[in-house]
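# A structural walkthrough
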Amino acid sequence: MLWALISGESEFGLTVHRMDEGLDTGDILVQRALPIGPCDTGTDLVLRGMELIPGVLDEALTALAGGSPAWQPQDKAQRTYFHKRSDVDSRLDLSWPATDLERFVRALSAPYPRAYTHYRGRRIEILEARVSQARYGGTAGRVIVQEGGGAVVCGPQPFRGTNAGLVITRVRTADGTEHEGAEFFLPGGYLTEAP
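So, a few notes on the structure that sits alongside this text. (Residues numbered from 1 in each chain as written. Predicted model: local features only at pLDDT ≥ 70, side-chain atom pairs only at ≥ 80, totals over all residues. Heavy atoms only, no water.)

The next subject is the overall build of the protein chain. The helix and strand inventory of the protein chain stands at four helices and nine strands. Along the chain direction, N to C, the helices and strands of the protein chain fall in the order α-β-β-α-α-β-β-β-β-β-β-α-β. Radius of gyration (C-alpha) of the protein chain: 20 Å, far over the 16 Å computed for a compact globule of 195 residues. With respect to the principal axes defined by its C-alpha atoms, the protein chain has extents near 65 × 35 × 30 Å. The long-range fraction of contacts in the protein chain, counting pairs at least 24 apart against all pairs at least 6 apart in sequence, stands at 59%. Carbon and sulfur atoms form 54% of the exposed surface of the protein chain, whose accessible area is close to 10,900 Å². Of the charged side chains in the protein chain, 20 are positive and 25 negative; the average position of the first set lies 6 Å away from that of the second. (Helix = DSSP H or I, 4+ residues; strand = E, 2+ residues; numbered from the N terminus. Rg over C-alpha atoms; globule rule 2.2 N^0.38 Å. Contact = heavy atoms within 4.5 Å. Areas by Shrake-Rupley, 256 points an atom, 1.4 Å probe, with all protein chains shown as cover. Lys, Arg positive; Asp, Glu negative; His and termini not counted. Charge placed at Lys NZ, Arg CZ, Asp CG, Glu CD.)

This part is about the environment of R172. By secondary structure assignment, the location of R172 is in strand β7 (residues 163–173). Separated by 89 residues in sequence, R172 and H83 place their C-alpha atoms 27 Å apart. Looking at R172, its side chain comes within polar contact range of the side chain of E125, at 2.7 Å. A distance of 3.2 Å separates a polar atom in the side chain of R172 from a polar atom in the side chain of E178. (Polar contact = N/O pair within 3.5 Å; in protein donor to acceptor, adjacent residues only side chain to side chain.)

Moving on, we come to helix α2 (residues 42–65). For the α-helix, the turn length of 3.6 residues means that residues three or four positions removed from each other point alike. For α2, spanning 24 residues, the distance from its first C-alpha to its last is 34 Å, which sits close to the expected 34 Å at 1.5 Å a residue. Every buried residue of α2 is listed here: G42, L45, V46, G49, L52, V56 and A60. At its buried positions, α2 is contacted by α1 (2–6), β1 (11–17), β2 (28–35) and α3 (98–107). Count one or two residues on from α2 and you reach G67, which has phi positive near 85°. (Expected span 1.5 Å × (residues − 1). Buried < 20%, exposed > 50% of the residue type's maximum accessible area, 1.4 Å probe, protein only.)

Next up on the list: α3. When you tally the buried positions in α3, you get eight out of 10 residues, the bulk of the element. Of the positions making up α3, those classed as buried are A98, L101, E102, R103, F104, V105, R106 and A107. Residues of α3 that are buried in the fold lie against α1, α2, β3 (115–119), β4 (122–136) and β7.

According to the stated counting rule, one finds 12 salt bridges in the structure shown. One salt bridge connects E125 with R172, and the closest N-O pair in it is separated by 2.7 Å. With E125 in strand β4 and R172 in strand β7, this residue pair connects regions lying 47 residues apart in the sequence. Judged by relative accessible area, E125 falls into the partly exposed class, the value being 23%. Between E178 and R170 there is a salt bridge, with the nearest N and O atoms lying 2.2 Å from each other. Among the charged side chains, a salt-bridge network with shared partners connects E125, E128, R170, R172 and E178. (Salt bridge = Lys/Arg side-chain N within 4 Å of Asp/Glu carboxyl O.)

What follows deals with the packing of aromatic side chains. This structure, assessed with the given rule, holds five aromatic pairs. Ring centres 4.7 Å apart and planes at 10° place the aromatic pair W3 and F82 in the stacked group. Here the residue W3 occupies a position in helix α1, and F82 occupies one in the loop between α2 and α3, the gap between them amounting to 79 residues. For F82, a relative accessible area of 39% corresponds to the partly exposed category. (Phe/Tyr/Trp six-rings, centres within 6.5 Å; stacked < 30°, edge-to-face > 60°.)

What follows is the structure, given as structure tokens:
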């Protein structure tokens, strides 16, 4: 579900399928999808996905108990697979456009490990962000200006002045303290991959 949101998919879902020798490649018995909204977080998707489970499970068990389940082969050309996430998968990649980074921050909501980066030698978690209204140019990762209660971080292609920036509105430091982005980033500087 998180990868679906990160990837910009319009929906996510739940599939009941047979186990076979492959990884999630077995025939499908029941499949349901739900839309991903423009403000949904990873937490929202997990909770909505959990609501699907009882009905999907009941439908699958009823089909199996009836003795004639309608198995459908998977179209392997249409299937996608993402690996299990690790800590490095939560690091903000400043080569991504702001729209992708904003979805990334929304996807990594509680209780999942949050999106993180480093600022002035400290690891920080990005709790809330949005795409800037104005367009900016400048070095990727540079904290350059304040906009609407947050600090704007430049994105890729620094030579262009037509990029949306990522406006970081809330962060958490390693000690667990949460800070408003506008105040926290007042010193300016850069977001970096490492301390």
